[in-house]
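Topology and contacts: notes
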Amino acid sequence: MQLKFWSKWGQPKQLTGKTANAGKTIKRERENAVLRRATIFDIADDKRFVVDSNEFSRHDFEMLRLRIPELDKLRKQGTKKLKHFHELQIDFYEMMYRGHPRVKPAEEVYKDFKPHKMLIEYCEGMEELKSLHSQTTRNKLTSLIATKKLNKILDDLPPDTRAKINAAQQQQDHLRDAQRRLESLRRMWQEASDAGDQEMMDQLKEMGEELAAIVADSKEEADQAVEDAIESMQDYEDEIKDALREGLGDAQKDAQDTQNDLKNMGCGRGRGNARHINEEKMIELADKIATQPELKEIAKISGRMSHILDRAKKDRIKHVGGEIVDTELAGDISRLTGSEISRMAHPLLKKELFSRIYDHRAECWTKESPEVLGKGPIVCCVDSSGSMCGAPIYW
């Protein structure tokens, strides 16, 4: 027996007995779905993302977002203007970090995410993006700095286009939610049929037929909203591309300035860098340098004293090995830790390890060798006490 479902939206009916238990089953299914989406292996439905990525890389961005308050703040601000700004933010970061990732064909993404796909495709081929990729590819710091410019790009989009994209995403969300409820009712009806519970089958059929009617009506309206959003983007294509070019240009400048400032302060990784700090601290320090003219001037003047008086001329030590000092996430097979190497023995864990090596997320040893720094690091002291003229500097 085939059950043909579906119904009108409205206030949920007061259910009793077995029907009430059916309602509890739906609630449990929804709670389990939320828990499944919260895990590292199923962060969100893959059809919500335009740039081809995996669960591990998206989880990596999620962890960065949670540790960087400004990035999370920008996400919340963007979500107020665009329903699925968060997914667009991840796509934009992946496009920056991976350099030239695969953009999915239209059939691999939800209809209401096609405007996201159009934005990404508009960026491709722009000289500004090519120049920016030279700084962001496999560089989390500059990729995050570029991603911060996405909010400005969104603000510069034509308001009518932005509003239509948001409306389409909201309607498609309601449609998907109704379809999920419909599938749950179908499964419950099948279970009742297997159990021979005719009363439950009749109740579920009535609920399903009402819900099916609204799904059919909602689908037509939601699909039309998507078409309106796409048509609006096509009408304003030149204005949208101008906004993208300006945003990408600003991102390139900010990324270059940040790298120069941090390099002058001797922060980061590599030869001549006295401070090894992570991306979160780098962004925090970069923001302080950008907002405090005194710090920016210090960074500019010191320049790490021309990076310790052209340290390359004085450093004759070859870095062929080094002492293990820590662990880090990287993609260097020669520095894999023992626990990572042991995964090679398991066929499934080996594939997962290769994926993380490709994404530079495998656990590797951090090795350092002695480095001659000329006469040593430069210490710069700034007296900002109350006895000095001007307001004190707060670090």
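About the cut-offs
Residues numbered from 1 in each chain as written. Predicted model: local features only at pLDDT ≥ 70, side-chain atom pairs only at ≥ 80, totals over all residues. Heavy atoms only, no water. Salt bridge = Lys/Arg side-chain N within 4 Å of Asp/Glu carboxyl O. Helix = DSSP H or I, 4+ residues; strand = E, 2+ residues; numbered from the N terminus. Buried < 20%, exposed > 50% of the residue type's maximum accessible area, 1.4 Å probe, protein only. pLDDT = per-residue confidence, 0-100. Contact = heavy atoms within 4.5 Å. Patch = residues over 30% accessible without salt bridge, like charges linked within 9 Å, V, L, I, M, F, W, Y side chains within 5 Å. Areas by Shrake-Rupley, 256 points an atom, 1.4 Å probe, with all protein chains shown as cover. 1 Å grid on protein atoms, 1.4 Å probe; cavity = no way out; pocket = protein on both sides within 12 Å on 5 of 7 lines; lining within 4 Å. Points joined across faces, edges and corners; volume = space filled by probe spheres on them.

**Description of the pattern of salt bridges**
One pass over the full model with this rule turns up 37 salt bridges. Between Arg361 and Asp60 there is a salt bridge, with the nearest N and O atoms lying 3.9 Å from each other. On the criterion of sequence distance, the pair formed by Arg361 in the loop between helix 15 (347-358) and strand 2 (362-368) and Asp60 in helix 2 (residues 55-67) is long-range, its members being 301 residues apart. The two residues Arg361 and Asp60 agree in class, both being buried. A single salt-bridge network, built from bridges that share partners, covers Arg48, Lys83, Asp112, Asp173 and Arg176.

**Concerning the confidence of the model for the protein**
This prediction gives the protein a mean pLDDT of 79; 73% of its residues lie at or above 70. Mean pLDDT per element in the protein: helix 1 (residues 17-37) is the minimum at 50, and helix 5 (residues 114-123) is the maximum at 94. Contacts of residues 1-20 to residues separated by more than four positions or lying in other chains number 49 contacts, the stretch itself having pLDDT below 50. Contacts of residues 33-43 to residues separated by more than four positions or lying in other chains number 14 contacts, the stretch itself having pLDDT below 50.

**What about a nonpolar patch on the surface?**
A cluster of nonpolar side chains, namely Ile341, Met344 and Phe354, defines an oily patch on the protein surface of about 270 Å² accessible area. Take Met344: it is sitting in the loop between helix 14 (338-341) and helix 15. According to the relative accessible area criterion, Met344 is partly exposed, its value standing at 33%.

**Digging into the environment of Gln259**
Mapped onto the fold, Gln259 is located in helix 11 (residues 237-264). In this structure the C-alpha to C-alpha distance between Gln259 and Ala286, which are 27 residues apart in sequence, comes to 8.6 Å. Among all residues touching Gln259, those that are not within four sequence positions of it are Gln135, Asn139 and Thr142.

**Points about empty space enclosed by the protein**
Taken as a whole, this structure holds three cavities of 30 Å³ or more when the rule is applied. By volume, the largest cavity amounts to about 60 Å³. Around the largest cavity sit Ser57, Asp60, Tyr93, Glu94, Tyr97, Arg98, Arg138, Asp359 and Arg361, which together line it. Counting residues per element, the ones that place at least two in the lining of the largest cavity are helix 2 and helix 4 (85-98). Here the lining of the largest cavity takes four residues from helix 4, the largest share from any one element.

**A closer look at unusual backbone geometry**
Within the chain, Arg138 stands out as a residue other than glycine whose phi angle is a positive 60°. By the element assignment, Arg138 lies in the loop between helix 6 (127-136) and helix 7 (140-147). With a phi close to 60°, His360 is a non-glycine residue in the positive phi region. As for its placement among the helices and strands, His360 is situated in the loop between helix 15 and strand 2. Relative accessible area serves as the criterion here: at 33%, His360 is assigned to the partly exposed category.

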